[in-house]
Structures are given as C-alpha cells and as structure tokens.
Amino acid sequence: MCWTRISDVYAFCGDADKAFEWLDKAVTYQDPGLAEIVRENLFDKIHSDPRWLPFLRKIDKAPDQLAKIEFKVPPLQ
C-alpha cells in the first residue's frame, strides 16, 4: 500500500490531522513514497503546520539536513 498517496489526498484537502496520521503510517511501513515528499506539491497546504518541519526532520528531509548532502561529480575526461 502507498501510505503517502493517502496522506497527500488528506493534505491537499486541508485535513492536516489525517495527513499526519497517514504520514506516520508511511514511516512505520517504510513507504518509498517518502523519498519524494519534499517535492510533492500536494503537501503544500500543510507546510505551515507546526508538525511539518519536525516530520521532515524525522525522515531526514528537513532543509538543513538536505543542505548537508555533498554531491561530488568527477571531472569529465
């Protein structure tokens, strides 16, 4: 089951409580959809919710966590 798909419907409809309920299930069941959550516009309505940033921290997707990722690309030969 894709728990993030259910949560994004609730988020899009503005039901933050249900969205976070399903996001917690997504974490519990290691939903691969969590990898794309930062880019997913359907969650825009809950970005101002005080639970959003702590949730992103919980899944290592908070802006400060993502900013620490270093990308090293070898030079072209």
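Just above, that's the structure.
Every value quoted in this text rests on a predicted model; they were computed, and no experiment measured them.

Calculation rules
Residues numbered from 1 in each chain as written. Predicted model: local features only at pLDDT ≥ 70, side-chain atom pairs only at ≥ 80, totals over all residues. Heavy atoms only, no water. Helix = DSSP H or I, 4+ residues; strand = E, 2+ residues; numbered from the N terminus. Buried < 20%, exposed > 50% of the residue type's maximum accessible area, 1.4 Å probe, protein only. Polar contact = N/O pair within 3.5 Å; in protein donor to acceptor, adjacent residues only side chain to side chain. Contact = heavy atoms within 4.5 Å. Phe/Tyr/Trp six-rings, centres within 6.5 Å; stacked < 30°, edge-to-face > 60°. Lys NZ or Arg CZ within 6 Å of the ring centre and 35° of its normal.

1. Re the side chain of Ser7
Point 1. Along the chain, Ser7 falls in helix 1 (residues 3-12).
Point 2. Taking the relative accessible area as the measure of exposure, Ser7 reaches 0% and is therefore buried.
Point 3. Among the polar contacts listed, one links the side chain of Ser7 to the backbone oxygen of Thr4, at a separation of 2.8 Å.
Point 4. Once residues lying within four places of it in the same chain are set aside, the contact partners of Ser7 are Ala19, Trp22, Leu23 and Phe43.

2. Some details on the side chain of Thr4
Point 1. Structurally, the position occupied by Thr4 is in helix 1.
Point 2. Leaving out residues up to four positions away in the same chain, Thr4 has contacts with Ala26, Asp31, Gly33, Leu34 and Phe43.

3. Some thoughts on the packing of aromatic side chains
Point 1. Throughout the structure, instances matching the rule amount to five aromatic pairs.
Point 2. Measuring from centroid to centroid gives 5.5 Å for Trp3 and Trp22, while their planes differ by 25°, and the two rings are stacked. With Trp3 in helix 1 and Trp22 in helix 2 (residues 16-28), the pair connects residues that are 19 residues apart, well separated along the chain. An identical accessibility class is assigned to Trp3 and Trp22; each is buried.
Point 3. Ring geometry for Phe43 versus Trp52: centroids 5.8 Å apart, planes at 25°, classification stacked.
Point 4. We classify Trp52 as buried; its relative accessible area is 7%.
Point 5. Clustering of aromatic rings is evident, with ring pairs tying together Phe20, Phe43, Trp52 and Phe55.
Point 6. Sitting over the face of the ring of Trp22, Lys25 holds its NZ or CZ atom 4.0 Å from the ring centroid.
Point 7. Lying across the ring of Phe12, Lys45 places its NZ or CZ 4.8 Å from the centre.

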